[in-house]
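What follows is each chain in one-letter form.
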Amino acid sequence: PAALSARKYAAVDSLVLGVVDAFCPWNDGVYDLEAGPNGVECRRSKKRPELLLSAADLAATYLGAVGFGPLARAGRIEECTTGALHRADGLFTTRIAPWCAYDF
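It should be emphasised that the depicted structure is a prediction, and the values quoted were computed from it without experimental measurement.

## Overview of the pairing of strand β2 (residues 29-36)
Sheet analysis places strand β1 (residues 13-20) next to β2, joined by seven bridges and oriented antiparallel. Paired with V19 across the strands is G29, a residue of β2. In this sheet, strand β3 (residues 39-44) lies alongside β2 in antiparallel orientation, the contact comprising six bridges. Considered in β3, the bridge of A35 is made with V40.

This is how it looks when you write it as structure tokens:
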């Protein structure tokens, strides 16, 4: 919740994410994300998830370089509510793509 609350979003919307984290299982759960004009709030929830995804796939979308749609088409994200993928892409999109000037 802290990371999702600290990020800026491109739209005003809410999204319920079901997250599975094999590496840090204490992160498993459902999260209600609300992005609005007065800020962002993310908290654990008992709501029905609109999207099901791994923490790794959520991390891939976090910076905005990878969209939810392509990951869903690759079988990595499950859309539980029609239109949730489109809304997620709208929330997480960025005007400037992430970039690192250093090679590793």
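## A look at the packing of aromatic side chains
Across all of its chains, the model carries two aromatic pairs by this definition. An angle of 85° between the planes, with centres 5.2 Å apart, marks the rings of Y9 and F92 as edge-to-face. Here Y9, found in the loop between α1 (2-6) and β1, pairs with F92, found in helix α4 (residues 84-92); they are 83 residues apart in sequence, far enough to count as distant. Each member of the pair Y9 and F92 is classed as buried. When the ring of F68 is compared with that of F92, the centres are 4.9 Å apart and the planes differ by 65°; the resulting orientation is edge-to-face. Linking F68 in helix α3 (residues 68-73) with F92 in helix α4, this pair joins segments that are 24 residues apart in sequence.

## Some words on the sheet that holds β2
Read across the sheet, five strands follow the order β3-β2-β1-β4-β5 without closing on themselves; strand pairing throughout is mixed. Each edge of the sheet is formed by a strand with only one pairing partner; in this case those strands are β3 and β5 (78-79). The strands touched by α4 within the sheet are β1, β2, β4 (51-54) and β5, with β1 carrying the most contacts at an inclination of about 105°.

## Description of the nonpolar core
Core analysis: the largest hydrophobic core is formed by 21 residues, its most contacted members being L51 and F68. Ranked by residues supplied to this core, first place goes to α4 with five residues. If we skip the residues at most four places from it in the chain, L51 touches L15, V16, L17, G18, F68, I77, E78, E79, A84, L85 and A88.

## Some details on the pattern of salt bridges
Summed over all chains, the structure comprises seven salt bridges. Its salt-bridge partner being D13, residue R87 comes within 3.0 Å of it at the nearest N-O pair. Here D13 lies in strand β1 and R87 lies in helix α4, a separation of 74 residues in the sequence. Exposure remark for R87: the relative accessible area of 24% places this residue in the partly exposed category.

Rules behind the numbers
Residues numbered from 1 in each chain as written. Predicted model: local features only at pLDDT ≥ 70, side-chain atom pairs only at ≥ 80, totals over all residues. Heavy atoms only, no water. Pairing = 2+ DSSP bridges. Helix = DSSP H or I, 4+ residues; strand = E, 2+ residues; numbered from the N terminus. Phe/Tyr/Trp six-rings, centres within 6.5 Å; stacked < 30°, edge-to-face > 60°. Buried < 20%, exposed > 50% of the residue type's maximum accessible area, 1.4 Å probe, protein only. Contact = heavy atoms within 4.5 Å. Axes fitted to C-alpha atoms, helices over the stretch in contact; angles between N-to-C directions. Core = buried A, V, L, I, M, F, W, Y, C linked by side-chain atoms within 4.5 Å. Salt bridge = Lys/Arg side-chain N within 4 Å of Asp/Glu carboxyl O.

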